[in-house]
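# Descriptive analysis of the structure
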Amino acid sequence: MIDTLERVLISFCILMSMPGFELIGDEERKEINSIFDNKGILYRYGFDKLRGNSWKVKEFETNFSNKLSVKYSHAVTSGTAALHTALMAMGIKPGDEVITSSYTFVATAEAIIACGAKPVFTDIDFSINMDPNDIENRITKKTKIIVPVHMHGSAADMKKITEIAKKHSILVLEDSCQALGAKYRGKMLGTIADMGVFSFDYGKVLTTGEGGMVVSDKKEFADKADWFADHGHEHNTKFSRADDTRSIAGFNYRMCELQGAIGVAQLKKLDVIVNKQRENKKRLKKELDKISGIEYRKHNDTEEAGDSLIFFVKDSKIAKDVVKELLKVGIETKNLPSAFKWHFAGTWDHMLPKISEDYKNPEKLWTRSQEILNRALAIGISLNMTDEHINKISNAISTGLKE
Ligand SMILES: Cc1ncc(COP(=O)(O)O)c(C=O)c1O
């Protein structure tokens, strides 16, 4: 029997779907201890003589690059910081426009706004990612960057997106905050376009508590990201930190050694986590396949990270009935529909109207996205999913569909 505490924990995991969190333990503790076994230096730069050979953030970055087969990785304090850093490294300026998806976490838009640029949102398609057919409608002379967001570990249509970007000489930044470990046509998501970003917050595939990573194969962008995230410091080895060279203004998004240490341990678990999620997702799908009235999300040549199972029902009333049944057995959905207001631009009346007259009534915009999302449900996939739990989910969905 599952006790109450465990029940609460499971439904919390299902809501947040936080596999990295589920596997935090001795390995992470060992990495942290090794910092203190070495003089306890918690800063990622300097203190060369004191720290022995302990460079946890650097080690995390090197291992991350190797794991994803990408040339440069730079760790920062969050996925939001990673987005801000990457946009600045790509040369975004006040007055520029950045095209992204109307279904994303609010942070994608916040980072664009923090650069003084205007976020421009496309509708989504049944992959619940950016509809590539809606990009060219949104391109203006001011468009500098497209930010596809690989929501719930499944790819946006990168072939079409990169073709359009090339045609219009626009850069592409992949928001892969929800997609670590997923692949598109054999390549890790986040490593396909000019730059990519990841999040290691507590709800992500891997977690460092809070944290993020900026990746690129392009030295120019990687260098600028490295400098921007540390007040413009170029980390010029010919000079002391006090005398360091600089050419751009920056900010402080430095990851600390404690987070780096956790990242080193968590990264070793990536394959286990992703494989287990895929396996659990298959188990749940096998049960849901027995139920009629469900249409699955479309995938764009993706080997998914497996973080959630997304399906559409016939209309929003049925979606609500299903949610009601799931809640009765203590299961929250992941983003769709719970936390919807943090993930859909049409609900961001707290910030969008202040940016542009175009966004006076955000609820009236992106109606096609809204129609799709209103009948979409996302079930979080965790690592510990018992048969009993999977049956509970599928029974609740089945009951909801019959109401
Ligand atoms: C798509 C997307 N972008 C950006 C972020 C921001 O990441 P963080 O929470 O690490 O700032 C998130 C986090 O949920 C996200 O899902």
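Residues numbered from 1 in each chain as written. Predicted model: local features only at pLDDT ≥ 70, side-chain atom pairs only at ≥ 80, totals over all residues.

### Some words on the overall build of the protein
To be explicit about the condition: Numbered from the N terminus, helices here are DSSP runs of H or I no shorter than four residues, and strands are runs of E no shorter than two. It is over C-alpha atoms that the radius of gyration is taken, and the globule rule equals 2.2 Å times the number of residues to the power 0.38. Each residue is classed by its C-beta neighbour count within 10 Å, where at least 20 other C-beta atoms makes it buried, 12 or fewer makes it exposed, and intermediate counts make it partly exposed; the C-beta atoms are placed from backbone geometry. We call two residues in contact when their backbone-placed C-beta atoms lie within 7 Å.
On a plain count of helices and strands, the protein comes out with 14 helices and 13 strands. Relative to its length of 403 residues, the protein is compact, with a C-alpha radius of gyration of 21 Å against a globular reference of 22 Å. Reported as C-alpha extents along the three principal axes, the dimensions of the protein are approximately 70 × 55 × 35 Å. Each of the 403 residues in the protein was classed as buried or not, and the buried ones make up 51%. Within the protein, contacts between residues separated by at least 24 positions form 70% of all contacts whose residues are at least 6 apart in sequence.

### Quick look at the site of the ligand
Put simply, the test is: As a rule, any residue with its backbone-derived C-beta atom within 6 Å of a molecule or strand is reported as near that molecule or strand. Three classes are used, and their members are as follows: Ala, Val, Leu, Ile, Met, Phe, Trp, Tyr, Cys and Pro are nonpolar, Asp, Glu, Lys and Arg are charged, and the others, Gly among them, are polar.
Taken together, the neighbourhood of the ligand is formed by 14 residues, with G79, T80, F105, C177 and S199 sitting nearest. Of all the elements in the fold, those that place two or more residues in the shell around the ligand are helix 5 (79-89) and helix 6 (106-114). Class assignment for the residues of the shell around the ligand results in 4 nonpolar, 8 polar and 2 charged.

### A word on helix 9 (residues 257-267)
Buried residues dominate helix 9, accounting for 10 of its 11 residues. Among the residues making up helix 9, those that are buried are E257, Q259, G260, A261, I262, G263, V264, A265, Q266 and L267. Buried residues in helix 9 make contact with helix 2 (19-22), helix 3 (26-37), helix 4 (56-68), strand 1 (72-76) and helix 10 (270-288).

### Overview of helix 8 (residues 219-228)
Of all 10 residues in helix 8, 7 are buried; the element is thus mostly enclosed. Where helix 8 is concerned, the buried positions are F221, A222, K224, A225, D226, W227 and F228.

### Let's talk about the environment of G346
Turning to its location among the elements, G346 is positioned in the loop between helix 11 (316-328) and helix 12 (352-355). Along the chain, G346 and G380 lie 34 residues apart, while their C-alpha atoms are 23 Å from each other. Ignoring sequence-local partners within four residues, the contact set of G346 consists of S102, P362, E363, L365, W366 and Q370.

### Quick look at the sheet that holds strand 7 (residues 187-188)
Put simply, the rule is: Note on pairing: two strands pair once DSSP finds at least 2 bridges between them.
Strand order across the open sheet formed by 3 strands is 7-6-11, with antiparallel pairing between neighbours. With partners counted over all chains shown, the strands left at the sheet margins are strand 7 and strand 11 (302-303), one partner each. Bridge count for strand 6 (residues 183-184) against strand 7 is 2 bridges, and the pairing is antiparallel. Bridging from a neighbouring strand, Y184 pairs with K187 of strand 7.

### Some thoughts on the environment of S247
Assignment of secondary structure puts S247 in the loop between helix 8 and helix 9. In sequence terms S247 and R368 are 121 residues apart; their C-alpha atoms lie 44 Å from each other.

### What to know about the packing of helix 5 against helix 6
A pair of packed helices is captured by two measures, namely the crossing angle of their axes and the spacing between those axes. Here is the rule we go by: Axis definition: a line fitted to C-alpha atoms, over the contacting stretch in the case of helices. Angles run 0 to 180 degrees between N-to-C directions. These descriptions rest on fixed angle ranges, namely under 35 degrees for roughly parallel, over 145 for roughly antiparallel, 65 to 115 for roughly perpendicular, and the rest for oblique. We call a crossing left-handed when the near helix sits turned anticlockwise from the far one by less than a right angle, and right-handed when that turn is clockwise.
Two elements in contact, helix 5 and helix 6, have axes whose closest approach is 9 Å; the angle formed by their N-to-C orientations is 40 degrees. The angle between the axes of helix 5 and helix 6 places the two elements in the oblique class. Of the two possible hands of crossing, helix 5 and helix 6 adopt the one that is right-handed. Side by side, helix 5 and helix 6 meet where G79, T80, L83, H84 and L87 of the first sit next to A107, T108, E110, A111, I112 and A114 of the second. Here the residues of the contact of helix 5 with helix 6 sort into 6 nonpolar, 4 polar and 1 charged.

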